[in-house]
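# Observations on the model geometry
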Amino acid sequence: MSIYIIGTHNDGKLAEIARVLEPLGVACEKAESLGVYLSEPEETGTTFAENARIKALAAMRESGYPAVGDDSGLVVDALDGRPGVYTARYGGGHDVPFSEKIPLLLAEMEGVPPEKRTARFVCAVCVAYPDGTLISAQGTVEGQIGFVPAGDNGFGFDPIFYIGARSFAEYSDAEKDAVSHRGRALRSLAEKIRQERKE
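A brief look at the structure comes next. Keep in mind the model is a prediction, meaning the values are calculated, not measured. In this convention, every chain numbers its residues from 1, walking through the sequence in written order. This being a predicted model, a pLDDT of at least 70 is required before a residue's local features are given, and a value of 80 or more before pairs of side-chain atoms are given or counted; all residues contribute to the totals for chains, interfaces and linings. Hydrogens and waters are ignored; side-chain quantities use all the structure's heavy atoms.

Each Phe, Tyr or Trp ring (for Trp, its six-membered ring) is paired with any other whose centre lies within 6.5 Å, and the angle between the two planes then decides the class: stacked below 30 degrees, edge-to-face above 60, tilted in between. Applying the stated rule across the entire model yields 7 aromatic pairs. Centroid distance F98 to F157: 5.0 Å. Interplanar angle 90 degrees. Geometry classified as edge-to-face. With F98 in helix α3 (residues 98–108) and F157 in the loop between β5 (134–145) and β6 (161–163), the pair connects residues that are 59 residues apart, well separated along the chain. Buried, partly exposed and exposed residues are distinguished by accessible area as a fraction of the type maximum, computed with a 1.4 Å probe on protein chains only: under 20%, between the cut-offs, and over 50%, respectively. Given a relative accessible area of 26%, F98 falls into the partly exposed group. A residue is classified by how much of its surface remains accessible, and F157, at 2% relative accessible area, is buried. Ring pairs connect the aromatic residues F121, F161, F168 and Y171, which therefore count as one cluster. Definition used: whenever NZ (Lys) or CZ (Arg) falls within 6 Å of the ring centre and also within 35 degrees of the ring normal, the charge is taken to sit over that ring. Note that R117 overlies the ring of F147, its terminal NZ or CZ placed 3.9 Å from the centroid. Only runs of H or I of at least four residues qualify as helices and only runs of E of at least two qualify as strands under DSSP, and these elements are numbered from the N terminus.

This brings us to the pairing of strand β2 (residues 26–29). Along a regular strand, successive side chains alternate from one face of the sheet to the other. For two strands to be treated as a pair, DSSP must find at least two bridges joining them. Where strand β1 (residues 2–6) lies against β2, 4 bridges are found, and the strand directions are parallel. Paired with Y4 across the strands is C28, a residue of β2. Handedness of the β-α-β unit built from β1, helix α1 (residues 11–21) and β2 comes out right-handed. Looking down the strands as they point away from you, a crossover is right-handed if its path from the first strand over the helix to the second goes clockwise.

Let us now look at unusual backbone geometry. Backbone torsion omega between R82 and P83 reads -5 degrees, so that peptide bond is classified as cis. Checked against the element boundaries, P83 lands in the loop between β3 (67–76) and α3. You will see that D80, though not glycine, has its phi angle at about 55 degrees, which is positive. When you line up the elements, D80 lands in the loop between β3 and α3. With a relative accessible area of 76%, D80 lands in the exposed category.

On to the pairing of β3. Most of β3 is tucked away: 10 of the 10 residues are buried. When β1 meets β3, the two strands line up parallel, connected through 2 bridges. By the bridge assignment, I6 is partnered in β3 with V68. As paired strands, β3 and strand β4 (residues 118–128) are joined by 10 bridges and run antiparallel to one another. In the sheet register, A67 faces β4, and the bridge partner there is A128.

Next up, the structure:
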């Protein structure tokens, strides 16, 4: 089993990535567990794929290991695609908790009828290897913005992202991994790794 550094400080993302990749033969490690302390690269990309590549390359260069970078976010049609690549920085930056960001987004959606509350979560992942190889994949899940938060599982905007009658925060980990944007992106990435690296 090959060791891959996961280039994130978000424990929720780390857990999701590990749940999907480890059964496929990829040992996911936090850099800190190997004595490497990653910096926070500036996310200057204009797409999720560009930011995932920036994170993967930075983690690989700092650790010397193959590294997985992830960038994901919420794309809301009624908000012209916002918050998009700025999802983590929405509502005042990374340090503002989602317990404050969620009411802000719901306030922006006030008056928008159910049929126009369509949205999607998008996830781009990239693995960067020390030999210069880059492998990328992307996944999307369609849903809509609910009127009230529900559930206590998941993280980020999960409590207001609904698929049918349930929010993502009401899904079990296994249910979410099966349909989520990140689960889809990671399964695609793992298949590409197997094909291109014969791992």
